[in-house]
Amino acid sequence: MILAACVPLALVIALLSLGLSQLVGARAWHTSCKSTGFSWHGVTLTAALVNPSTTVTGVVNATGCDVGVFFSSGVTGSIVNADIYGALDFGVLNVGANVTIKQSRIHDIGDVHLSNIHVGVGIYFANDSHACGTIEGNTITHYLRSGVIIAGPSDSAVITNNTLIGLGPISFVAQTGIQIVGGAHVSLSGNHITANIYVGSQPGVAAGIAVVGGSCYGLPLTLGLQLKSNVLQDNDIGIWISELSIGARQGLCVSARTATHIVLLSNTISNARILNVSGAAGQSYQAGITIQGSGVSIISNTICGAGYLTAAHATVSGYIYPIDLVLATDLKLSGNTACGGSALNLSLGLGTTTDIQSHLLVAVVL
């Protein structure tokens, strides 16, 4: 069912997230902004372009608007060779449409002067709205919260050969390059994602790719994804699979029992430095791959650099791992290597407990 005029859920797991502020404060509306008819936290969003009838190309200056380009239910649209920038909340917002976004620049999305720094998403396929499409060959930079979010079990996307660049070391928000949330159906290949780095003192950790689902988050499991031949460089976590169920004890979460059948194949993941200071119980946390879930296949990935390899662990107060499997069950691991081709020294991560307490949880934006 299309969620017409809905107020999307803002779900935040509080253990290791920054919290979601309410959308407040006056905005200077651009005179050319048009109403989308779509409500977000009680505010009807505006956009520079609403359901454009022809392919969007060239410059879209969305300064003062909430959204750059907006597509609603039942629409088929395309964006090719466009330059979209300046929107307060979303570069492209797809609420139930079939949209192709190719060879475009999407940048400078989000406003740090607003209290809600968890908006600022380059491309958002809205939660369970039957949004679908292709995201190919784009460059997405200077986003505030995430480069791309695909959210909900009726949403789907093919995401290939994009470049996403975070803001680098920042203290005010833990960014993610791409988030796949709550049962969305996505294929990810050939993307280059870099510089999602959180250095704040509040609990938090950034990620290149985050896949999220399970009852711990109040979401469906995200199943059957393939993440292939992506390059993840200088992110706190390269690839983070977090599929968690509510545990036996109140407030604790455990690995979901259902096999997710997610495949991580031939990705190259590197990080030269240890910069995170607060990702786990007030200490550093960085990992090439973090698995919290069941039935994940990790095959022929290469993990490089002092930011992930266990040799660096002795030099910092924290948790530094190539692959963290503390909450992983029923895994398939084959052919994963460190730089230079040596066999990768796998780690069991933060300990032997089967419950998450002060460990990692994802801030989910829907």
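Residues numbered from 1 in each chain as written. Predicted model: local features only at pLDDT ≥ 70, side-chain atom pairs only at ≥ 80, totals over all residues. Heavy atoms only, no water.

Visitor: Residue-level account of the overall build of the protein, with values.
Guide: Each helix and strand in the protein was counted, giving zero helices and 30 strands. Each of the 366 residues in the protein was classed as buried or not, and the buried ones make up 58%. Considering only contacts within the protein whose residues lie at least 6 apart along the sequence, 70% involve residues at least 24 apart. (Helix = DSSP H or I, 4+ residues; strand = E, 2+ residues; numbered from the N terminus. Buried < 20%, exposed > 50% of the residue type's maximum accessible area, 1.4 Å probe, protein only. Contact = heavy atoms within 4.5 Å.)

Visitor: Explain the nonpolar core to me, using residue names and the numbers behind them.
Guide: One broad trend across soluble globular proteins is that nonpolar side chains are buried collectively. Ile-150, Ile-159 and Ile-180 are the most contacted members of the largest nonpolar core, which totals 55 residues. Contact partners of Ile-159, with chain neighbours within four places excluded, come to Ile-135, Val-148, Ile-150, Ile-178, Ile-180, Val-186, Ser-187, Leu-188, Ser-189 and Asn-191. Grouped together as the second largest cluster of nonpolar side chains are 36 residues, Val-119, Ala-126, Tyr-217 and Tyr-285 included. (Core = buried A, V, L, I, M, F, W, Y, C linked by side-chain atoms within 4.5 Å.)

Visitor: Which residues make up the pairing of strand 2 (residues 43-50), and what values go with them?
Guide: The pairing of strand 1 (residues 34-40) with strand 2 spans four bridges and is antiparallel. Pairing of Ser-35 across the sheet is with Thr-46, part of strand 2. With antiparallel pairing between neighbouring strands as the criterion, strand 1 and strand 2 make up a hairpin whose turn holds two residues, including His-41 at a positive phi of roughly 55°. Bridge count between strand 2 and strand 4 (residues 67-71): three bridges; the pairing is parallel. Following the sheet pairing, Val-50 is matched in strand 4 by Phe-70. (Pairing = 2+ DSSP bridges.)

Visitor: Provide a residue-level description of the packing of aromatic side chains, including the pertinent values.
Guide: For the structure on display, the rule yields five aromatic pairs. Judged by centre distance (6.2 Å) and plane angle (35°), the ring pair of Phe-38 and Phe-70 falls under tilted. Of this pair, Phe-38 sits in strand 1 while Phe-70 sits in strand 4; the two residues are 32 residues apart in sequence, bridging distant segments of the chain. Their ring planes at 20° and their centres at 5.2 Å tell us that Phe-90 and Tyr-124 sit as a pair that is stacked. (Phe/Tyr/Trp six-rings, centres within 6.5 Å; stacked < 30°, edge-to-face > 60°.)

Visitor: Quick rundown of the environment of Ile-123? Include the residues and the values.
Guide: Tracing the backbone through its elements, the reader meets Ile-123 in strand 9 (residues 121-125). Sequence separation of Ile-123 and Ile-101 is 22 residues, and the distance between their C-alpha atoms is 9.2 Å. If near-sequence neighbours (up to four positions away) are discounted, Ile-123 is found in contact with Val-92, Ile-101, Ile-106, Ile-135, Ile-140, Gly-147, Val-148 and Ile-149.

Visitor: For the state of the cysteines, give the residues involved together with the corresponding values.
Guide: In a disulfide, the sulfur atoms of two cysteines are held together by a covalent bond. A complete count under the given rule lists three disulfides for this structure. There is a disulfide in this structure between Cys-33 and Cys-65, and the S-S distance comes to 2.0 Å. Taking the sign of the S-S torsion, -95° for the link of Cys-33 and Cys-65, the bridge is left-handed. Of this pair, Cys-33 sits in the segment before strand 1 while Cys-65 sits in the loop between strand 3 (56-61) and strand 4, placing them 32 residues apart in sequence. Judged by relative accessible area, Cys-65 falls into the buried class, the value being 0%. Across the disulfide, Cys-216 is cross-linked to Cys-253 (sulfur-sulfur distance 2.1 Å). Disulfide Cys-216-Cys-253: the torsion about the S-S bond is 75°, which places it as right-handed. Taken together, the positions of Cys-216 in the loop between strand 18 (207-213) and strand 19 (226-228) and Cys-253 in strand 22 (residues 253-255) put the pair 37 residues apart, joining distant regions of the chain. Judged by its relative accessible area of 11%, Cys-216 is buried. (Disulfide = S-S within 2.5 Å.)

Visitor: I'd like a rundown of the confidence of the model for the protein, residues and numbers included.
Guide: Taken residue by residue, the protein gives an average pLDDT of 84. The fraction at 70 or more is 80%. Taken as a whole, residues 1-29 scores under 50 in pLDDT and shows 81 contacts with residues more than four places along the chain or in a different chain. Below a pLDDT of 50 lies the segment residues 349-358, which in the model reaches 35 contacts outside its immediate sequence neighbourhood of four places, other chains included. (pLDDT = per-residue confidence, 0-100.)

Visitor: Pulling in residues and values, what's your account of the pairing of strand 9?
Guide: For strand 9, a buried count of five out of five residues is recorded, marking the element as mostly surrounded by other parts of the structure. Sheet topology places strand 6 (residues 90-94) next to strand 9; four bridges connect them, and they run parallel. Counted as the bridge partner of Leu-93 is Tyr-124 from strand 9.

Visitor: Any chance you could break down the environment of Gly-147 for me, citing the residues and the numbers?
Guide: Looking at the element boundaries, Gly-147 is found in strand 12 (residues 146-151). Residue Gly-147 is classed as buried on the basis of its relative accessible area, which comes to 0%. When neighbours within four sequence positions are excluded, Gly-147 is seen to be in contact with Val-121, Gly-122, Ile-123, Ile-140, Leu-164, Thr-176 and Gly-177.

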